[in-house]
Amino acid sequence: MSFMMMNYEVDHQRIKTNGIWMHVAEKGTGPLVLLIHGFPQFWYAWRHQINFLADKGYHVVAPDLRGYGDSDSPLSPSSYTMMHIVGDLIGLIDHFGQQKAYVVGHDWGAVAGWYLSLFRPDRVTGLVTLTVPYYPRSPTTKTIPSIQKVYGDGCHVIQFQEPGRAERAFARYDYTTVMKKFLLITDKMIAPPDMEIIDFLETKWSLPPWLTEEDIQVYAEKFEESGFTGGFNYYRAMDLTWELLAPWQGSKITVPVKFIVGNKEFGFQSGGVKDFVLGDEFKSLVPDLEVVVIDGHHFIQEENHQEVSNHILSFLGKHPMDHHQRIKTNDIWMHIAEQGTGPLVLLLHGFPEIWYSWRHQIGYLAKHGYHVVAPDMRGYGDTDSPLTPSSYSPLHLVGDLVGLLDHFGQQQAFVVGHDYGAIVAWHLSLFRPDRVKALVALSAPYFETSSSIRSIESFRQGFGDGCYVCQFQEPGRAERSFARYDYLTVMKKFLLYNKTDYLVAPPGMELIDYLETPASAEKFEESGFTGALNYFRAIESYWELLGPWQGKRIDIPAKFIVGDKDIGFDALGTGEYVKGDVFKSLVPNLEVEHFLEGLV
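Note that the structure is predicted; figures quoted are calculated from it, not measured. Just so you know, the residues in each chain are numbered from 1, in the order the chain's sequence is written. The model is predicted, so local features are restricted to residues of pLDDT at least 70 and side-chain atom pairs to those at 80 or more, both for listing and for counting; the totals for chains, interfaces and linings are taken over all residues. Heavy atoms throughout the structure, all of them, feed into the side-chain values; hydrogens and water do not.

With respect to the overall build of the protein
- Each helix corresponds to a stretch of at least 4 residues labelled H or I by DSSP, and each strand to a stretch of at least 2 residues labelled E; elements are numbered beginning at the N terminus. Broken down by element type, the protein carries 29 helices and 16 strands.
- Based on the C-alpha atoms only, the size of the protein along its principal axes is roughly 100 × 50 × 40 Å.
- Areas reported here follow the Shrake-Rupley algorithm with a probe of radius 1.4 Å; residue values treat only the protein chains shown as occluding. Accessible surface, the protein as shown: approximately 24800 Å² in total, 53% of it carbon and sulfur.
- By the counting scheme adopted, Arg and Lys are positive, Glu and Asp are negative, and His together with the chain ends is not counted. The atom standing in for a charge is NZ when the residue is Lys, CZ when it is Arg, CG when it is Asp and CD when it is Glu. Each charge sign in the protein was given a centre, from 51 positive and 73 negative side chains, and these centres are 2 Å apart.

So, in structure tokens, the structure goes:
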């Protein structure tokens, strides 16, 4: 590795993806950003953006595409279709354990980004493309004949078609000269008749401020190792890609896109490209499109690297992405979804939900300057599920959250909880008020533990044996009754429950049978319901373990929000309790919102 590359402190590895070994340079932690280079470059083209974005809280991965740098170079041009290239990138995203990534591409990397977004929009949070717009596939004419008709036989795309031709022409020059000819190009890539494009391109010996002799040597040394054939094979596979694209005829790019082009880009000023980019057709093909024209030529991520970096960062900020990871806390592995930077906000779900229940609030709060973390609570989703109900006491659950705060290096967090998540949030505020800046609780108010009556007995006295809390006590009982229904039906029964009375089944009936099924979940199909049910089976431990906090108030600022049709709001005087003085005496710094239109 050259001295110049060593100056950029990035990690390097080779990853097995889609049948090849692909070299990547990476740096940083956070949401995944793929930086995809073009011709004739490799990962080093993104050296400025790698450091800039990593410093801003992103996990930046810049691969050498197949055929380039230290990645494998299949011999046949047929191995370089856009299906192959996109397959390589999907494998990278899978390798890093991410469902989605931001994608930034230049030149051929932009083409790869367009087709990744076309084939797999479910894997792309947002796309930034440089210099090459998205063109619709002609239903009648292959790509090479189309280019030949517009630009003639002197066009570089046409000259690169014949295997060996461009390799022989390039071989007449040393690698340093070849790289200078391309990196400093300012004119159209069209040679006069009977002249090779490499002979036509001017050799400039005085370098602009954005490019050094050392940079040129980094490129020259790498292509001296790899050769140019891998890069040429992208051009030689263009017609085969056209053939394979027929299933996407007429399809649009549906992901958010920012397109950046230099005002002196040789391709922007020719062939009607400028009118296409600034006109209505491009926007009709890419409905969620922003077009930016900046000062610069073809290699704008190097020539005007700070402005390009700023544009990329602003785009990422407009389209925040959930980042997922599993964190070791309180002796379990806890899955979290997170987004944004700023003060820490914990969003705690209830029963039967996972982090996804906060999908609207995650993006909203992240956009307003908060670091939002929504865990799957223990027993739920992709978080560990201890087997015994005794592992679900309030002390266990609060311990998990304190571990999360410690993991993120925060002394305090804002805490928002719904349903059982609200109960956990109340107890976090009770046990460790020093770790909570403020609390927002939804649906479940704070009740002081009785000093004389155990919790389950209180439920039986108030609601009878048909109460869901009572039915959930016996291990296996609820699981057996739930198993009579598919998971989708179970989730519909709970999430779409539209009665205002409490969850109490008639005598001799299981609660799940009592709940209506609306006309005609995945995650619970993976995890089952036992972990969630164990929260209810641990309720007695609440009564046993909360003795030390008997009579203690919640002193932190708190806001309680409840829907006026919530199933628990009118049960056993809960509405009067929430509106009355006792609740406020237990939580002196309390604000109550209790007339929102809504159910659970």
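Focus: unusual backbone geometry
- Pro-40 follows Phe-39 through a cis peptide bond whose omega is -10°.
- With respect to the element layout, Pro-40 can be found in the loop between β3 (32-36) and α2 (47-55).
- Cis peptide bonds are those with omega within 30 degrees of zero, and the linkage from Phe-351 to Pro-352 qualifies with -10°.
- For Pro-352, the location among the structural elements is in the loop between β11 (344-348) and α17 (359-367).
- For Asp-194, which is not glycine, the phi dihedral falls at a positive 65°.

Points about the state of the cysteines
- Counting rule for disulfides: a pair of cysteine sulfur atoms within 2.5 Å. Counted by the stated rule, this structure contains zero disulfides.
- No disulfide involves Cys-467; its sulfur sits 4.6 Å from the nearest other cysteine sulfur, which is in Cys-470.

Points about the packing of helix α18 (residues 394-407) against helix α19 (residues 420-431)
- At a minimum axis distance of 9 Å, the contact between α18 and α19 shows a crossing angle of 80°. The angle between the axes of α18 and α19 places the two elements in the roughly perpendicular class. In contact with Pro-394, Leu-395, Leu-397, Val-398, Leu-401 and Val-402 of α18, α19 contributes Val-424, His-427, Leu-428 and Phe-431.
- Looking at the contact of α18 with α19, its residues break down into nine nonpolar, one polar and no charged. Axis angles are defined between N-to-C directions and span 0 to 180 degrees, where every axis is a line fitted to C-alpha atoms and, for a helix, only to the segment in contact. By definition in this entry, angles of less than 35 degrees are roughly parallel, angles greater than 145 are roughly antiparallel, angles of 65 to 115 are roughly perpendicular, and the rest are oblique. Throughout, a contact is declared for two residues whenever any of their heavy atoms are within 4.5 Å. Classification used: nonpolar for Ala, Val, Leu, Ile, Met, Phe, Trp, Tyr, Cys and Pro, charged for Asp, Glu, Lys and Arg, polar for all others including Gly.

Thoughts on helix α23 (residues 487-495)
- Classification of residues uses two cut-offs on accessible area relative to the type maximum, computed with a 1.4 Å probe and protein chains only: under 20% is buried, over 50% is exposed, and between them is partly exposed. Of the residues making up α23, those classed as buried are Thr-489, Val-490, Met-491, Lys-493 and Phe-494.
- Where α23 begins, one side-chain oxygen reaches toward the backbone nitrogen of Leu-488, 3.0 Å away; that side chain belongs to Asp-486. Contacts described as polar in this section are N or O atom pairs within 3.5 Å, which, within protein, must combine one atom able to donate a hydrogen with one able to accept it, while residues neighboring in sequence count only if both atoms come from side chains.

Quick look at the sheet that holds strand β6 (residues 124-130)
- Strands sit in the order β1-β2-β4-β3-β5-β6-β7-β8 across an open sheet of eight strands; the sheet is mixed. Two strands close off the open sheet at either side, each with one partner strand: β1 (11-17) and β8 (289-294). Pairs of neighbouring strands in the sheet enclose a mean axial angle of 20°, with direction left out of account.
- Only strands that DSSP links by at least two bridges are regarded as paired with each other. Judged from the six bridges that link them, strand β5 (residues 101-106) and β6 form a sheet pairing that is parallel. Within the sheet, the bridge partner assigned to Val-103 lies in β6 and is Leu-127.

Digging into the packing of α2 against helix α16 (residues 305-318)
- As a packed pair, α2 and α16 sit with axes 10 Å apart at the nearest point and diverge in direction by 40°. Judged on the interaxial angle alone, α16 and α2 are oblique. As for how α2 packs across α16, the hand of that crossing is right-handed. Here His-48, Gln-49, Phe-52 and Leu-53 of α2 lie close against α16, whose contacting residues are His-305, Gln-306, Val-308, Ser-309, Asn-310, Ile-312, Leu-313 and Leu-316.
- Looking at side-chain class alone, the contact of α2 with α16 contains six nonpolar, six polar and no charged residues. Crossing chirality is assigned from the near helix's rotation relative to the far helix, an anticlockwise turn below a right angle marking it left-handed and a clockwise turn marking it right-handed.

Regarding the pattern of salt bridges
- The salt bridge definition used is simple: a Lys or Arg side-chain nitrogen within 4 Å of an Asp or Glu carboxyl oxygen. Under the defined criterion, the tally for this structure stands at 30 salt bridges.
- The partner of Arg-168 in a salt bridge is Glu-162, and the shortest N-O contact between them spans 3.6 Å.
- Under the relative-accessibility criterion, Arg-168 is labelled exposed at 52%.
- By relative accessible area, Glu-162 is classed as partly exposed at 43%.
- Among the salt bridges present, the one from Lys-565 reaches Asp-564, with a minimum N-O distance of 3.7 Å.
- A relative accessible area of 33% places Lys-565 in the partly exposed class.
- Classification of Asp-564 as partly exposed rests on a relative accessible area of 27%.

Structural notes on helix α26 (residues 530-537)
- Taken across its eight residues, α26 has seven buried, putting it largely inside the fold.
- Along α26, the residues classified as buried are Gly-531, Ala-532, Leu-533, Asn-534, Tyr-535, Phe-536 and Arg-537.
- The inward-facing, buried residues of α26 contact α18, α19, α20 (455-463), α21 (468-471), α22 (477-482) and α27 (539-545).

Examining the packing of aromatic side chains
- Each pair of aromatic rings taken from Phe, Tyr and Trp, with Trp reduced to its six-membered ring, is defined by centres within 6.5 Å and is described as stacked if the planes are under 30 degrees apart, edge-to-face if over 60, and tilted in the remaining cases. If you walk through the whole model with that rule in mind, you get 55 aromatic pairs.
- Look at Trp-114 and Tyr-134: their rings are 5.6 Å apart centre to centre, the planes differ by 40°, and that puts the pair in the tilted class. Taken as a pair, Trp-114 in helix α4 (residues 108-119) and Tyr-134 in the loop between β6 and α5 (143-151) lie far apart in primary sequence, 20 residues in all.
- Look at Phe-482 and Phe-494: their rings are 5.8 Å apart centre to centre, the planes differ by 50°, and that puts the pair in the tilted class. Residue Phe-482 is located in helix α22, and its partner Phe-494 is located in helix α23; the two are separated by 12 residues in the primary sequence.
- By relative accessible area, which is 3% here, Phe-482 ends up buried.
- For Phe-494, a relative accessible area of 10% puts it in the buried group.

Thoughts on the side chain of Ser-429
- Examined against the element boundaries, Ser-429 turns out to sit in helix α19.
- Those residues in contact with Ser-429 that sit more than four places away from it in its chain are Val-436, Leu-439, Ile-554 and Ile-556.

A closer look at the environment of Asp-570
- Summarising the element assignment, Asp-570 is placed in the loop between β15 (558-563) and α28 (574-579).
- You can call Asp-570 exposed: its relative accessible area is 55%.
- For Asp-570 and Glu-540, which are 30 residues apart along the polypeptide, the C-alpha to C-alpha distance reads 24 Å.

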